[in-house]
Structure formats: structure tokens, C-alpha cells
Amino acid sequence: MIGHRCHSLNQFHKCQPPQQNQPSTNQNFDLSPIPSRSPTVAISLTNFPPAEPEQIFQTDDNRWNFNKQFNKCDSSRENRSQFNSILPSDLSYPLFSQIMPMDYRKPLSEVACRGHDFESPETSVHEEGFDEEFTAFMSKHFSGSIRSSQTEEQLSLRQWILTAKSDDDQTLSDYVYSSLTIAVKAVECLLKAETDAKISNKPNEIPLECIASENMVLTVERKDALSGNEQSLKRDESDETFSCDITSNSIRKVEFICPGEVNPSVGTVRARLSAFGALLYEVFSQGETLNRASLETNNKSMGFLSLSSRGNSDDGSASTIGHQRKKSTPRQAETSWTNSLLQLSRLGIPKAAIALIKNLLNQDEFLGDDAYALFLDVQVDLKLMLEDPYRFLDNRDISTNPSLVICDKMYGREKDISKLRIAFERSSKGECCGALVTGEAGIGKSTFVSSHAQAFSSNGYVVSGKFNENNSKPFSVIGEIFDDLCDKFAFYAHSHQEKNTMTLALNSSLGVEASLIADIVPNLSKLMPLYGSGGLFSVDPASRKRYLLQELLQTLSNFSKHITIFLDDLQWIDHCSLQTLSYLLENSKTNNFVTFVLSCRDCDTQTTDWVQAIPQSMLERIHLENLSIDDVNSLVSNSLRILPRLTRPLSCILHRRSLGNPFFLRQTLGMFFNESCLFYSLGDRAWKWDLDKISELRLDDDVVSLLMKEMAKLPVEDLLIGLKAASCFSTSINNSIVKILSEHLGKDLSSIFRKLVERGYLDEAGLMQFRFSHDRIHQAAYELMSEDERRGDHMKFGLSICSHVLNKCGEDISMLFIAVNQINRGGPEVLKDPNQRLTIAKLNLKVGKSSLQLTDWHSALGFFTNGIKFLNHNHWIQQYELSLDIFTSASEAACNLSDSTRVKYFTDAVLHHARSLDDRLAALYFEIKSLRKARSLDEARTLVMGILQQLGEDTSCALDMPKAEDIKCMVKLITSMTDDSILNLKQCTDKHFVFLMKFYHELFYLFHSNTPRCLLGLSLRMITLTLNIGATDISPIALAQFAATAVATGFPLEGYRLGNLAVKMTESIHSATAYKSIIVGITENYVSWVAEPYQAVVESHNLGFYAGLRSGDTFSALLNRCVGLLTSFTSGTRLTELKKSCRDYVQDLLLKNYKWFVPACANMYWLTVELTEGLDSKPLESDIPQERAIREYANRTNQNMVSLVTDINVVTRAFFFQQDLLVPTNVLSGLSSEVCQLRPYNIQGVFFEGLVYYAMARKTTNRDYALRGQNALDFLKKWGFCKWNFENKIKLLEAEHMHFLGNLELASQLYEDAIESSKQHKFIQEEAMSHELQGMFFYNRGSYSKALASLERSEVCYRTWGAKAVADRIELFVKDLLESKKSSQSFQHHRARGANSSKTPLRKRASRAA
């Protein structure tokens, strides 16, 4: 049972009820009274004490007094006057009786009063019981305002309107936004009531009659909150407005209050929507009400429940009518409220708000398509008007010929944007390199990245480049990125001092080699001085440039907040740029200041393998999907500035046609506009569309066909000609080309292209070039032409540009690249003139050689191949020199690409047609290199041997082990020569001799791993040729190799001199500078250790590594790195550092597929793992091959040196973990058979082998083991002249030898000498070993105190070195020793002397010492 109906709240605020049947004098408010009744009130007024009204109504505390007094009253009519005495003089009991529930004992929560708080929870809490409920009820309806506090004010909707009208600071815009805020909160209140009704299965607590302005209450913030509970709310002079904030942000809450006896019927949804429309009309009209009678009559005629009707059904089912829409038909007469809506327009209310009210009121039986059917739709539309008023609310002026502007906002990409943000955050922490964005064509990859890269780059520099399908110039995109980056740094340098600091850093990292990248990064000259590159030579120019670009990026990143590199359309990337990008990514993994963002189209075979090979941890994957139908609807709605619920039918068609592809979607929408299916109605001032006409359109399934049809309809023929011409030049065309083509075609292409820009086909990228706005547009324009038309245009344009370049521009290689590329796309079939074909073949040769210099092997091979196609018939006879040059150059390019099949094809052609052996040598050399790269070593050896025989060489003598006398004579000869005479040897340029030295050098690579004995004879032959004929760029390598031979054959000091001369010779022979890395690798690996400390050798290998990177000699750089890591073990490098370096190096080799040096460093890695973590440790690096697999590989491929390194690891492990050798090793015998291979790590293996065999000899008294140890000692004594590296080792082996022989006194002294020498020469691991062996020596003699002291020092040294597992073994042995010998006198004496020391745990003492 719902209580009696309450009078209008505005009557209570004035506290003057109107007389019944008296017409309202205020047009803005409906003050008509409710018909009087004879209520039965179940209360008693007996013994009600008199009280003053001010006492009752002034404060909240006095309200409690009124409640207590009222509870004493009864319902007798005689006492009614006594109750009236406590009321205000202008308030009578009949009025009061209408606001009281019939049964005051019923909880107030059952009275129809519903509200929704949108910003804060309800502050007042109604407890059970009549006193509290009645207090809240009376305070709400009898105070000056409904409810007030120090910060908030509660007032009716009409009071809010009146206050807003009286506010001089209030603008119409402010009022509209505030009104929309009220509407949103009111709709949410109604929706919450519906939801609660469904959940509780009870009637809706906001009946239809309560959806009216007189029942809406607002909670707003006060303008000036007063301090103190005693302050009351100030009112103005009219006593009708309140000192509250009426702006949209101040409206805290909206609620509907429905006290009294009301019709509980909920009504139909259509009736409630109409009632809400009438309410909104009153709000926006600032108090004017609709003609209620006409509105009710209109509703009744359709069978709707009127706003004031009273049904008998509590749930409203009797009056519920379905709201299924009927097809819209013309009305016979306008509804009575149409003129009222025109009044809103005259008041300046936005048309969108008026349309919303109209669609709420339009609930007759002929529902229009725009009429509302659900409150949820109303809620969505109101929120859109508030959140985006520019699109959905504001009035706008449209020209008489409006154009369709599609919104460029991103839709449906929230998750993808979050992934991109995470990628930037991870990159800034060094956890990854950036992100890879993939998706189908037209998905919006470029827009997605470019829209957010700057925002996520921490205000750093953002540079971008876009690859083209037929990019003609190598390195152009990568070069543009770095060039732009240098320009930004030069322009934004904060001070001259900062720029000087940057210049010094670049000089340090790049040096004179910076000139090698000046051709692709010309703006580098703004940051540092550049010198000529004529004297700089490279083994692999591509590798050298990649290294220099990486150094440039690394150096610049140290002077910037952040650098973001965006590379777009990766599916068109050339092979050279792809290798460079891979190198930059691999070397930027830990650079926190550089982020790469790459975009690539799906299903592209060129980059698929590369993308899949990139680890997920390196690049965050972001795959863009097609837009959902909701996203499409948002785009259409925002573009047309129409509410989404109205555009949904059109969006469904667009989504079905385009599958949600953004580019296809935009083109389809544009086609609807062009076909007048989508048009702007000037009468309605809104976009309209014809769904029937759209359904009749025949649309293509792909966007390219759609674009081709649009292009074919271009009104001006010149536009179509311009599109076709531009499409011949990939996705962009610069202004220089435009000028040449304009002269050729006789048309102003610049003007034509700008018109195409206006139509959206092209973009003007700065002042220098035009670019297709999307590659699909380029594809469509290109496919407008037939195959013959394309080939003809390519040839005409290419010849025109070529003529211009040769006649006017001189040696503009960039223009020449473009011209030759165009001619090649035209094809030799189009060109019939033999002279022109010959010219084009020469140009291809020239451009191809330029590509070789730029290290773009793919482009070079393409140019050479096309040049061969343009050669005339019988070209080997008529153009022999040109044919020989172009085929040999093609063989070189294919060799650099490791394409052995094509190398053989070009080489066979040269061998078949060449006129002399000298003409064949270059092609043969490239074929041998390609076979070596393909690991076809036997075939390569056979080929080289045959060539050497043709050159008159006795290969049997060169490959056999040379006689000792021959080596001795050569050493004596060189020793007699001064350094200057060697360094100033005459240089020989004879082609025959130059290639002879190159072929011998190739043999070094071919015999190095499995037949190293041959290197002695090869080095002797090469140095003999150098001294007899002259020096070439290979001569320094020959000198270094012979230096290694001299050391291995017993001439260490002479070899050391030759090694130093070999390094110096690279500076006197300019073309030999490229081989500095390999020379350093040879000399430091085989020679320098005889006179320099191992620690210095490690540093030299590091320098050789970077020298190899600088010169592009990747093989030599990796060789230096590998040998440097092995020598680091012998020099005493900390094991934790060495373990990490070995792991990173091996994983990098596996990633780059450089497997040559993997076995040696993988063995070293596992050895460091065992020494630091123990024999049973199982690290997670399962991708690194283990010892068993390495040994099988060595046996299978006959890699003797790999097997030797594996044996060294076995004896090393045996010593450190006190293991017996189950299978005897042959490290020393292996070195004796391979005389040339004397390296620090190999000699260290002999040292460990001697120690292990001496230990086994003492255990077993087997003299064979002692003999093996003696052999190791004798071998090391040969190098005793180098005290730094070998003195401590010889002393320790001698101590072990004396220990075995029983000469204990001499052994004791030798142990001390070994310890002292190890400490002096900084071999921490050998100091630990010497202490350990000394401790065991004392232990075996029974000197337990001395043994304990030595073993403790050994443990400290092992932990300092990082061999934790070995130190733990020593510690465990010491503990066992302490337990077993603690009762001995010597032990007690030791405890007394070292009491303080022994109180500390051994592990902690070792850690402290470390």
C-alpha cells in the first residue's frame, strides 16, 4: 500500500498552498492543486503540548521534540486544532493530512521515494522506527529547503530552474550543460529503479506519475559553505532562490520523491519515455510546461496511460502495451507539442537536445525511426552530448555544398595502445628493444604508431622512415633516419659546449671511419668533422657500416632523453637494410634510451622468417585486428555527428561490406557519398542516407577494385594521367623527378598532384616529394594500366630521367639509380636499339658497383643481372671487356650473398668465354670463397690446389711439413733485415701475383681447423713470395703467420719481433688496414704471449675484436673474441664475469648462425658453470651445446682442435674436483703433433695435465703417470724465459715432482716459491691451486696445523676467483680434518694460536677476505 499523494513541493517551499479551483497565475510552473479528500489519519492529538513553530522547525534538534510530541497525539478531530497550533500559521491540517501516511507505523522505505547518488554514497541513514523516519520526512518537507548542510543543498527541480534564471553569471551554454547533467542522473535513477525491480521481482518504485518535475529533487553544492552548525542557509531577497552552485559539476544527486497516494502503475516504456521527454522540455525551457491536457489526450488516443490517470493494477500490467515500432507514415496533423519545440529553438537550445526531446515525446502508434524505445538509448545519447558536445550537441554552420569529412580518431585500439605503452616502458628499462606492429593492409598500422609514438617517447626524438616496394637506392631509408636524427641533435643542441662534448664523443667512437657513412648520413658533418675515405679499406663494407651506425646511435642516445625509431612497411625492406636493422636490434637490447617500433604487413614472405626469428623478449608483438561493428558505428557516428543508435543500420552495412578494415571502410563510406546514397539535408541540417539505394549498389570485395572504379570516374583526364605517372615510381616521387616528367609529358604535374592531394589520393610530404596516402591507392593506380602500358611508361620515364642526368646533372648517382631502375622495369624487350641497350648495360654495371660500395648485395646483383639481359647477342665477342666485368661483378655480389649456385653460374660463363687465366682469376676467387662459406671445404681445397698448379706453384712442397733447416734459414734472413726494410718492401700490383697470395690465404682458412700442420709450409711459402716479389695487402697476414711458425719451431723471440712488424705493416700498406683484426688475432693468439703477460694479451684481443667490427671483418672479430675468452681463464679473470661473457657470446653466435667458434666457448661456459655451481648443476641454457655433443661434432667433422679443447676441459675439471682420469688424455701429445697450435689455453692444458698425472702417480706409485707429469714439466720449461706467465707454473710442477720423488724439503720450498710467484704475477687461481697442493703436502706429512692454514688460504683465493664449488670442496675437507684430528696436540696448539680466527665460520672468513 502506497501512501497518500503529496502536494507539489514548490508549494511547501512558499508555505502558501493555493486555493482549490483557482487557476495558476504563473505560466512557468504547474501549481494546480490535487483534489481534496477525507483522509483517515491514524494518529492522536490528545495531550499534545503547545509549542512555538520556530522551536519546532528551526533546527534539527527541535525536530526530535516535535516527533516526541506528535507521538503522544491521537486521531480525534477535537484535538485537530491543538495540533494545528504547533504548525505555521499559514499551514492547515487538511494540507498536512495529505502528506502523512495512512499508517504511520509503516516504514518510510516502503513509501515510493527512490533516488540515485552518482558521486558519493547517501549521507543520511534511516534507522528503523517511526521517530527517525518521521524526522527525516518532516525535515525534508517543512524546512526552508528540502535539506541543507554546510556543503550541500537539496532543492526541487523548479527551485533549481528559478535559481539558475536569477544567476547573472550563468550563460546559456552553462545552463544547457547543467540541464544535460541533470538528465543523465535522472535517467540513471530511473534505470536503477528498473534494475532493482527486476532483481527483487517487485513493482518499480518510481511509478509513471512520479516522472514529473514536481517530484524531482536535486542535491547540489553550496556556493559558500558556512562554518559552524549554528549557521543556516542564506537566501536572497525574493526568498525563492538559494545560495547554491548550479553548474553541472556541482549537481551531486537526483532523486524522485513520490509520497502520498499515487497511482502505482508503472506504465509502458513508451509512456515513461514520453513523460521523461515532458520533464526535459520543462528543464530546457527554463520552467515552461507542455500542455498537459493535450499530451494526455494524445497518449490516451493510442491507449497509453495518461500522466494523471489512476489504474487499479499495482504492477501496471493492465495498462502495459508493447512498444514494437511500426513503419513510419506521414502524420495527418502535427502534435500539439510541436510548436513548443520551436520555442526551444528560439531560446537557442541546441538542435540535438531539441531532437532528443522530440524523439522522447514521439511515442505515438506510428513510431518514427528516430524515436526512443529504451531508456538505455537515452542514457547513451545524453552522455555523448556531455562528453563530446562538439560532435553531438553544438549547433554547426554547414555550407550549401558540404563535403564528407571522416573522423581520423582511432577506434577499438585501447588494448593495442596499452601494449605499445608497455613496450615503451619495458624498453626504457632495458627489457626489450620496442614493438612490432603487424596486421593486414589497410588496418591502420602507420596511423596507430605515428599517433602514439611521440606521446610515449618521454619528450625525446622521434624519427621515422617508410620503405617502398621498389626502392631504388640502397640504404636510403636507414640513411634518412640517421640523417634526420643528426639534424635534430645539431638543431636542438642546448649550448655550444654541449655540441662540443657531442663532437668529442663521436670522434672517440667513430674516428676517421665516420667518413664511410657520410654518403648516407650527410648531416653527420653538422656534429663532427669528416675526412676523406680514400685510404680506408674493409673486408666486409656492409658489416663495417652496420657497426658504425650502431656506434653513432649509441653515442647520440647518451645525449638524449629518448630516441624512438619508427620503420613503416617493413614488408618492402631491402636485404641490406634488413641486416642493418637486425644488427641495430641485437646491439640495442640493453640501451634504455632507444626504442624501435616496426610495422609490417601480414603474410609477407620476405620478412616472415625474419620476424619469426626475433625473440618475443626483444620486440613486443602487437597484432591489429579489424574493427568490430561497435567500433565501425563509433567512427560513422563521430564522422556524421549523429548519435550512434541512429547510425547503426548504416554501420552494419559498412561493416558487412568492409569486414571492419578501416581503410576499406573509409573508401566505402566515401563511395556512398559520391553515389549520393549518403547526403546532407540542409532542411534537417543533418546527414541522411538511403538504405534502399545502398543495397542496390554493386560493391567490390576488395578495396583495390573499389579504388580503381573511383579513379576511372575522375572528371579530368589529367588527374588520371598524374595518378598513373606517380604509380610508376613506387609510393613516393620527389620534386626533381616531377619536373623532369612534366617536361616529358608537357603537363604541369605539380599542379595535378596537388589536386590529387585535395582528393585524398596523395599526400604532400614537405616541399620535396609527393607520396600516395596509402599503398593500396598506389596499387590501384598502377593496376589501372595494362602490362604493356606499364612497361612502356617505365621505359619512357627511365630514358627521360637518364638523359637528364647524363646531360645536365653529371654524376647524380641517386637520380641514376631511379632512372636505371625504371628502365629495368620496362625490360630489354621494349628497347630495340643495340646502342641504347649497350648504354643501359653499362649504366647497370655502374649502378651495380655503386651498390657494392654501399654493401647492398641484393640490389647490386639485380642491377648486374639486368645489365646482362640488356647485352646484345654475341656480346662476348663484340663487348668482351664489358661482359667480363659485369659477369665477374655479378659473381662477387652472389658470393657476398652466399648464393653458391648463382656464383657457379656466373663463374662458369667467365671460364667458358675468358681469353686468359688472369681474366678467370677473380671469378675463381669468388667461387672458392662461396664454397668455403657453404662449408664445402673439400671441394674448395681441390679447386684452390688446381688453380695454384695452373699458376705454376708446387703445392706438394707448400703443404708438406717444411724442413727445420728451411725455417731456420728464413728466420735468419728476416733477422738480418732491419724493421724499416721489412716495412718498406716494394708493393706489387701484378694481378697474377695478387691473386696468388689471395689463394694461399684462402688455404689458411681451409686447413686451419683440421690440418694445422699445413700452416707451417703455407706461411713459409707466402713470406718467401713477399720477400722475393713484393708486398700486397695479404703480406702482413703472411708475416704474422710466419711469426707463429717461428714461435712453434723454437724461435720465440724472433717470432715476437715479426708479429709486431706484421701489425705495423698494416699501417704502411693502406689496403691492408682492413686485415688488422685477423693479424691481431694471429699474433696475440700464437706469438705475443711469449713476451707479454696473459692479462695484456686479453686486452689486445679485445682491441682486435673492435678492430674487426670497424673494418667489417666479422670472422676475425669473432675469432679475437673467442680466443680472448679462452685466454681470460688462464689470466685469472673472475669466473662469474667469464661465465656471463661466454653465455652471451655463444647465444649471440647461435642467433647469427656463426657456428665456427661455438664449440670452444661452449666448453668454456660449462667449465665455469661447474666451477661456480658444482658438477651436478643444471642451468637453464639448454640451447648451448654440452660437452658430449661437442665431442661428437668434433669426431664427425674431423675438428682436431675442438677435440683438443675438450680434453683440456677434462683435465682441468679433474684437477679442481680431485678426480682420476679414467681415460688418459693426450693434450701434450696433441700439441706435439700439431706444432703450430701453441696458444695460452693449450699450454694451460699441459699444465693441468701434468698436475693431474703427478697426483695420480702419488696415489698409485705408477711411474708412467710420473713420466707424463715430467713431460709436461719439460714442455713448460721451454718457455721459462717468460717469467710472468710461466714461472709459477714451472715452480708448482717442480714441487709436485719433488713431492713424488720424496725430496720433501725442496718440495716445501718450491711450493712457497710457486705461491709467491702466482701472487706477484696476479694469477689468483694458481695461487689458490698452489696453497691447496701445499696444504695436501703438509697433510700427508702429518703437519696438520700447517695444512689447515694453507687450505684455509686456498679456500679464500678460490672464493675470490669465483670458484665457489671448489671452495666448498676445500671447506668440507677442512671440516673433516678438524673432526678427525681435533684430539692431536698440534691441532690444539693451532687452536690456541688462532682462537679468534677459528671462532668465525670458515665461509665467512673467506668471504671477508675476498
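1. Quick word on the overall build of the protein
Each helix and strand in the protein was counted, giving 64 helices and 15 strands. Here the analysis covers contacts within the protein between residues at least 6 apart in sequence; of these, 74% occur between residues at least 24 apart. If you sum the accessible surface of the protein, you get close to 61,700 Å²; carbon and sulfur atoms cover 49% of it.

2. Focus: the pattern of salt bridges
It is possible for side chains bearing opposite charge to pair when their charged atoms get close. With the rule as written, the count across this model stands at 44 salt bridges. The residue Lys1277 makes a salt bridge to Glu1294 at a minimum N-O spacing of 3.6 Å. Remark: Glu1294 occurs in helix α57 (residues 1283-1301) and Lys1277 occurs in helix α56 (residues 1263-1277); sequence separation between them is 17 residues. Glu1326 is paired through a salt bridge with Lys1289; the nearest N and O atoms lie 3.2 Å apart.

3. Some remarks on the packing of helix α45 (residues 1035-1048) against helix α46 (residues 1052-1068)
Relative to each other, α45 and α46 sit at 165°, their axes nearing to 8 Å. With respect to α46, the axis of α45 lies roughly antiparallel. α45 and α46 meet at a crossing whose hand is left-handed. Residues Ser1035, Pro1036, Leu1039, Ala1040, Phe1042, Ala1043, Ala1046 and Val1047 of α45 form the contact with α46, whose own contacting residues are Pro1052, Gly1055, Tyr1056, Leu1058, Gly1059, Leu1061, Ala1062, Met1065 and Thr1066. Among the residues making up the contact of α45 with α46, the classes are represented as 13 nonpolar, four polar and no charged.

4. A short note on the environment of Gly1174
Along the chain, the position of Gly1174 falls in the loop between α51 (1158-1173) and α52 (1187-1197). Overall, Gly1174 belongs to the buried group, its relative accessible area being 11%. Taking C-alpha positions, Gly1174 is 9.2 Å from Asp1368, a pair spaced 194 residues apart along the chain. Residue contacts for Gly1174: discarding those within four places in its chain leaves Val1169 and Ala1365.

5. Some thoughts on the packing of helix α8 (residues 172-200) against helix α13 (residues 375-387)
It is the contact of α8 with α13, at a shortest axis distance of 9 Å, that shows an interaxial angle of 155°. Classified by the interaxial angle, the pair formed by α8 and α13 is roughly antiparallel. Between α8 and α13 lies a crossing whose hand is left-handed. Of the residues in α13, those touching α8 at Tyr177, Leu180, Thr181, Ala183, Val184, Val187, Glu188, Leu190, Leu191 and Glu194 are Phe375, Leu376, Val378, Gln379, Leu382, Lys383, Met385 and Leu386.

6. Here we look at the side chain of Ser509
Looking at the element boundaries, Ser509 is found in helix α18 (residues 496-509). Residue class for Ser509 comes out buried when judged on its relative accessible area of 9%. Only 3.0 Å separates the side chain of Ser509 from the side chain of Thr555, close enough to count as a polar contact. Aside from chain neighbours lying at most four places away, what touches Ser509 is Glu551, Thr555 and Arg1110.

7. A look at the pairing of strand β3 (residues 152-156)
When a strand is regular, its side chains alternate between the sheet's two faces. Along β3, five of the five residues are buried, which leaves the element largely enclosed by surrounding structure. Residues Glu152, Gln154 and Ser156 line one face of β3 and the alternating positions Glu153 and Leu155 line the opposite face, and both faces are buried. Taken together, the five bridges between β3 and strand β4 (residues 216-221) define a ladder with antiparallel strand orientation. Its bridge partner lying in β4, Glu153 is registered against Val220.

8. Here we look at the environment of Cys258
Note that Cys258 resides in the loop between β5 (251-257) and α9 (269-284). Taking the C-alpha atoms as reference points, Cys258 and Ala212, 46 residues apart in sequence, are found 9.9 Å from one another.

9. Comments concerning the environment of Tyr390
By secondary structure assignment, the location of Tyr390 is in helix α14 (residues 389-392). On the basis of relative accessibility, which here comes to 52%, the residue Tyr390 falls in the exposed class. Expressed as a C-alpha distance, the spacing of Tyr390 and Arg641, which sit 251 residues apart in the sequence, is 8.5 Å.

10. Some points on unusual backbone geometry
We note that Asp569 has phi near 55°; this positive angle belongs to a residue other than glycine. Take Asp569: it is sitting in the loop between β8 (563-568) and α20 (575-586). A positive phi angle is found at Ser898, which is not glycine, with a value near 60°. Along the chain, the position of Ser898 falls in the loop between α36 (880-896) and α37 (900-913). Its relative accessible area of 48% is what places Ser898 among the partly exposed residues.

11. Some thoughts on helix α22 (residues 629-640)
Over its 12 residues, α22 extends 16 Å from the first C-alpha to the last, a length consistent with the 16 Å expected when each residue adds 1.5 Å. Summarising burial for α22: nine of the 12 residues are buried, a large majority. For α22, the set of buried residues is Asp631, Val632, Asn633, Leu635, Val636, Ser637, Asn638, Ser639 and Leu640. Tucked into the core, α22 has its buried residues touching α14, α23 (644-658), α24 (662-674), β11 (678-681) and β12 (686-689). Residue Arg641 follows α22 closely and has a positive phi angle near 60°.

12. Quick notes on the nonpolar core
Among the nonpolar cores identified, the biggest contains 313 residues, and Phe1129, Phe1216 and Tyr1358 are the most heavily contacted of them. Beyond its immediate stretch of four places on either side in the chain, Phe1216 contacts Phe1129, Leu1171, Phe1248, Met1329, Tyr1358, Trp1361, Val1366 and Arg1369. If you look at the next biggest cluster of nonpolar residues, it comprises 57 residues, including Ile206, Leu273, Tyr281 and Leu341.

13. Some words on the sheet that holds strand β13 (residues 732-734)
Strand order in this open sheet of three strands is β13-β15-β14, and the pairing throughout is antiparallel. The open sheet has two edge strands, β13 and β14 (762-765), and neither has a second partner. Neighbour-to-neighbour, the strand axes of this sheet turn through a mean angle of 20°, independent of strand direction. Strand direction decides the pairing type here: β13 and strand β15 (residues 769-772), joined by three bridges, are antiparallel.

14. Overview of the sheet that holds strand β7 (residues 461-466)
Strand order in the open sheet formed by five strands is β7-β8-β9-β6-β10, and the pairing between neighbours is parallel. Each having just a single partner strand, β7 and β10 (619-623) make up the two edges of the open sheet. Between one strand axis and the next, the sheet turns by 15° as a mean value, whatever way the strands run. Relative to β10, helix α15 (residues 414-428) is tilted by about 175°, and along the sheet it contacts β6 (434-439), β8, β9 (594-601) and β10.

15. Focus on the pairing of β6
When you tally the buried positions in β6, you get six out of six residues, the bulk of the element. Sheet topology places β6 next to β9; six bridges connect them, and they run parallel. Looking at β9, one finds that Gly439 is bridged to Arg601. As paired elements, β6 and β10 share five bridges and run parallel to each other.

16. Thoughts on the packing of aromatic side chains
Going through the model one piece at a time under the given rule, you end up with 41 aromatic pairs. When the ring of Phe1129 is compared with that of Tyr1241, the centres are 6.3 Å apart and the planes differ by 80°; the resulting orientation is edge-to-face. Taken together, the positions of Phe1129 in helix α49 (residues 1114-1131) and Tyr1241 in helix α55 (residues 1240-1260) put the pair 112 residues apart, joining distant regions of the chain. Grouping residues by exposure puts Phe1129 and Tyr1241 together as buried.

Basis of the calculations
- Residues numbered from 1 in each chain as written.
- Predicted model: local features only at pLDDT ≥ 70, side-chain atom pairs only at ≥ 80, totals over all residues.
- Heavy atoms only, no water.
- Helix = DSSP H or I, 4+ residues; strand = E, 2+ residues; numbered from the N terminus.
- Contact = heavy atoms within 4.5 Å.
- Areas by Shrake-Rupley, 256 points an atom, 1.4 Å probe, with all protein chains shown as cover.
- Salt bridge = Lys/Arg side-chain N within 4 Å of Asp/Glu carboxyl O.
- Axes fitted to C-alpha atoms, helices over the stretch in contact; angles between N-to-C directions.
- Parallel < 35°, antiparallel > 145°, perpendicular 65-115°, else oblique.
- Left-handed = near helix turned anticlockwise from the far one by under 90°.
- Nonpolar A, V, L, I, M, F, W, Y, C, P; charged D, E, K, R; others polar.
- Buried < 20%, exposed > 50% of the residue type's maximum accessible area, 1.4 Å probe, protein only.
- Polar contact = N/O pair within 3.5 Å; in protein donor to acceptor, adjacent residues only side chain to side chain.
- Pairing = 2+ DSSP bridges.
- Expected span 1.5 Å × (residues − 1).
- Core = buried A, V, L, I, M, F, W, Y, C linked by side-chain atoms within 4.5 Å.
- Phe/Tyr/Trp six-rings, centres within 6.5 Å; stacked < 30°, edge-to-face > 60°.

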